[in-house]
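# Descriptive structure summary
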Amino acid sequence: MRTILIIDDNPGVLEALSLLFSLHDIQAITALSPEAGLEVLTREPVSLVIADMNFAADTTSGQEGAALFHAIRARNPDLPVILLTAWTQLAVAVELVKAGAADYLAKPWDDAKLLATVENLLELAEAAREATARRAERNRRREALAARFDLCGLVYAADATERVVTMACQIARSNAPVLITGPNGAGKERIAQIVHANSAVKAAAFIAVNCGALPTELAEAELFGAEAGAYTGSTRAREGHFETAEGGTLFLDEIGNLPLSVQVKLLRVLESGDYQRLGSSRVRKARVRVLSATNSELPQMIREGRFREDLYYRLNVIELNLPPLTERMDDVDPLAEHFLRDSGAVLSDEARELLHAHSWPGNVRELKNVLERARLFCQHGTIAPADLGLQVQPRAVARSLDDPSKEAIEAALAKAGGMVSRAAQSLGLSRQALYRRMERFGIAQPG
């Protein structure tokens, strides 16, 4: 049975509330004083607290309730607390909600509204416990993976990233070509580094080549080398990247940018291991693990005649697809903390919300640059939303934390029957965030 704690100095209130909740399969533990309530919390597992704002006779300031709330938060920061208040403590209650209280209800309370609030918060608390359990299990899996494999300092928390990393570790010791797909800035090279670091050739070189940066007329010479005089301006023989990576790993980033003429020669290397320097008839053998990556739709390029189909299937023996950051938003917080780790700067709650609201078209690279800028502009070491310089665009996936309009907030409150916690959930906001927006728009607190 679900268990809640009610702290109030009026025995009649405790009896009435206990009866109300017992009729709905909610067990109520009662306490007549803050001290007794805090003692209960040390020995009884409860999912929610309902606390009065005043306990001493002739006291109406609400300061006792405020002190009790902060004491509860110090012991259990995630435990929901509902405040019962007379109108004289309304301002204090609102401030406590902004500080993290779940909600407040005025005395005398409405049974239906109180019950609905409690039911909703108990559901949210259960969901939070499940989320915490999932995070703990995810952390356990990540630690187990890091104990077995070299993750090259990769910072992640999202399940989507974990799946890619796990697969990269599993196929690392194979010699099969790997194609890593995903948008620019998502971290494809880091995945390639993980494959190399856990491969049989990890002690040898890892050579990364951006095929998009190779001049078309020199791409062949860059990859396979060239003899002296093989092209205009070539005065001496030069090694290509295949020679430099001999015995190790060659990572070909943005493989879709290779000219068709070079694609033919790359296919030959992958199939037979044979290649020739530009301007030479000598056949050389490549002992290289080839990894490639692209942000292009190679099947579409094949249909358009810009990429060889046979090369595509030779490269794509194993595909690792790294989703954009907007599809793995659980990575945002650990990445942000990682990028700020040595700076001494911290994110405000509002700035953190803005990071989660942004669509991140530039992916991890954009996040890193945004935080580097914010670190330089922030005041007193705390990064505010304005320091991020972001123009938030709605994300097309899942629910975002985009700023709702005044009309949207009023509609959500009306639909939730004035219950701030339920309205906040429907808007994808925390209760504190919703209260801040209500204050900004001048929306009256629900009665």
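This text follows the structure it describes.
So, here's what we can say about the structure. (Residues numbered from 1 in each chain as written. Predicted model: local features only at pLDDT ≥ 70, side-chain atom pairs only at ≥ 80, totals over all residues. Heavy atoms only, no water.)

## Remarks on the nonpolar core
Here is the rule we go by: Take the buried Ala, Val, Leu, Ile, Met, Phe, Trp, Tyr and Cys residues and link them wherever side-chain atoms come within 4.5 Å; each set so joined is a nonpolar core. Relative accessibility decides the category of a residue: with a 1.4 Å probe and only protein chains considered, values under 20% of the type maximum give buried, values over 50% give exposed, and everything between is partly exposed. Helix numbers and strand numbers start at the N terminus; a helix is a DSSP run of H or I with at least 4 residues, a strand a run of E with at least 2. Residue contacts follow a heavy-atom distance rule, with two residues in contact if any of their heavy atoms lie within 4.5 Å.
Ranked by size, the top nonpolar core spans 41 residues in total, and within it L5, L41, V49, I72, L83 and L434 carry the most contacts. The element that contributes the greatest number of residues to this core is helix α3 (residues 63-75), accounting for five residues. Not counting chain neighbours up to four residues away, the residues in contact with L41 comprise L5, V46, V49, I72 and L79. Core analysis: the second largest hydrophobic core is formed by 30 residues, I207, L298, I302 and L315 among them.

## Here's the deal with the side chain of E162
Relative to the helices and strands, E162 is located in helix α6 (residues 159-170). In this structure E162 comes out as buried when scored by relative accessible area, which is 9%. Sequence-distant contacts of E162, that is, excluding residues within four places in its chain, are made with R138, R141 and Y156.

## Examining the packing of aromatic side chains
Operational definition: Only Phe, Tyr and Trp rings are paired, with Trp represented by its six-membered ring, and only when their centres lie within 6.5 Å; those with planes under 30 degrees apart are stacked, over 60 edge-to-face, the remainder tilted.
Under the criterion given, the structure shown has five aromatic pairs. Seen in terms of ring centroids, F242 and Y275 are 6.0 Å apart; in terms of plane orientation they differ by 35°. Their pairing is tilted. Here the residue F242 occupies a position in helix α9 (residues 241-244), and Y275 occupies one in strand β9 (residues 274-275), the gap between them amounting to 33 residues. Accessibility classification places F242 together with Y275 in one group, the buried group. Summarising the aromatic geometry, the rings of Y312 and Y313 are spaced 5.1 Å apart at their centres and angled 65° between planes, so their arrangement reads as edge-to-face. The class for Y312 is buried, based on a relative accessible area of 12%.

## Focus: helix α15 (residues 363-377)
Quick reminder of the rule: Expected span, for any helix, means 1.5 Å times one less than how many residues it has. Note that the arc is defined by the directions from the helix axis to the C-beta atoms.
Under the 1.5 Å per step criterion, the end-to-end length of α15 is 22 Å for 15 residues, consistent within 8% with the ideal 21 Å. Taken residue by residue, α15 has N363, V364, E366, L367, V370, L371 and A374 as its buried positions. All buried residues of α15 fall inside an arc of 155° around its axis, so they share one side. Opposite the buried face of α15, by more than 90 degrees, sit the exposed residues R365, N369 and L376.

## Quick look at the packing of helix α17 (residues 406-415) against helix α18 (residues 420-427)
Rule in force here: Between N-to-C directions, angles span 0 to 180 degrees; the directions come from axes that are lines fitted to C-alpha atoms, helices contributing only their stretch in contact. Throughout this description, any angle smaller than 35 degrees is read as roughly parallel, any larger than 145 degrees as roughly antiparallel, any in the 65 to 115 degree range as roughly perpendicular, and the remainder as oblique. We call a crossing left-handed when the near helix sits turned anticlockwise from the far one by less than a right angle, and right-handed when that turn is clockwise.
The geometry of α17 relative to α18 is characterised by a closest axis approach of 8 Å and an angle of 130° between their N-to-C directions. Taken as axis vectors, α17 and α18 run oblique relative to one another. Like other packed secondary-structure pairs, α17 and α18 cross with a definite hand, here right-handed. Across the interface between the two elements, A408, I409, A412 and L413 from α17 touch V420, A423, S426 and L427 from α18.

## Focus: the pairing of strand β3 (residues 48-52)
For the record, the criterion: At least two bridges found by DSSP between two strands is the condition for calling them paired.
Taking burial as the measure, the five residues of β3 include five buried ones, the bulk of the element. Burial along β3 is two-sided: the face carrying L48, I50 and D52 and the face carrying V49 and A51 are both buried. Where strand β1 (residues 2-7) meets β3, four bridges bridge the pair, whose relative direction is parallel. Note on β3: the bridge partner recorded for I6 is I50. Relative to strand β4 (residues 81-85), β3 runs parallel, the two sharing four bridges. When the bridges of β4 are listed, D52 appears paired with L84.

## A word on the pairing of strand β2 (residues 26-31)
Test applied: Here a crossover is taken to be right-handed if, once the strands point away from the viewer, the path from the first strand over the helix to the second is traced clockwise.
Alignment of β1 against β2, held across six bridges, turns out to be parallel. Residue pairing across strands places T3 opposite Q27, the latter belonging to β2. Taking the sense of rotation as the criterion, the β-α-β connection linking β1, helix α1 (residues 11-22) and β2 turns out right-handed.

## Some remarks on helix α2 (residues 34-43)
Regarding α2, the residues found buried are P34, G37, L38, V40 and L41. Projected down its long axis, α2 shows its buried positions confined to an angular sector of 155°, all on one face. Those residues of α2 that are exposed and angled more than 90 degrees off the buried face are E35 and T42. The inward-facing, buried residues of α2 contact β1, β2, β3 and α3.

## Details of the packing of α6 against helix α7 (residues 188-197)
The condition that has to hold: Residues are grouped as follows: Ala, Val, Leu, Ile, Met, Phe, Trp, Tyr, Cys and Pro are nonpolar; Asp, Glu, Lys and Arg are charged; every other residue, Gly included, is polar.
Running from N to C, α6 and α7 cross one another at 30°; their axes reach a closest spacing of 8 Å. Taken as a pair, α6 and α7 cross one another with a handedness that is right-handed. The segment α6 lies against α7, with V164, V165, A168 and C169 engaging I191, I194 and V195. A class-by-class count of the residues in the contact of α6 with α7 yields seven nonpolar, no polar and no charged.

## A short note on unusual backbone geometry
Each neighbour pair has its own omega, and for K107 with P108 the value is -10°, a cis peptide bond. Looking at the element boundaries, P108 is found in the loop between β5 (103-106) and α5 (111-148). A positive phi angle, close to 60°, is found at N363, a residue other than glycine. Following the sequence through the fold, N363 ends up in helix α15.

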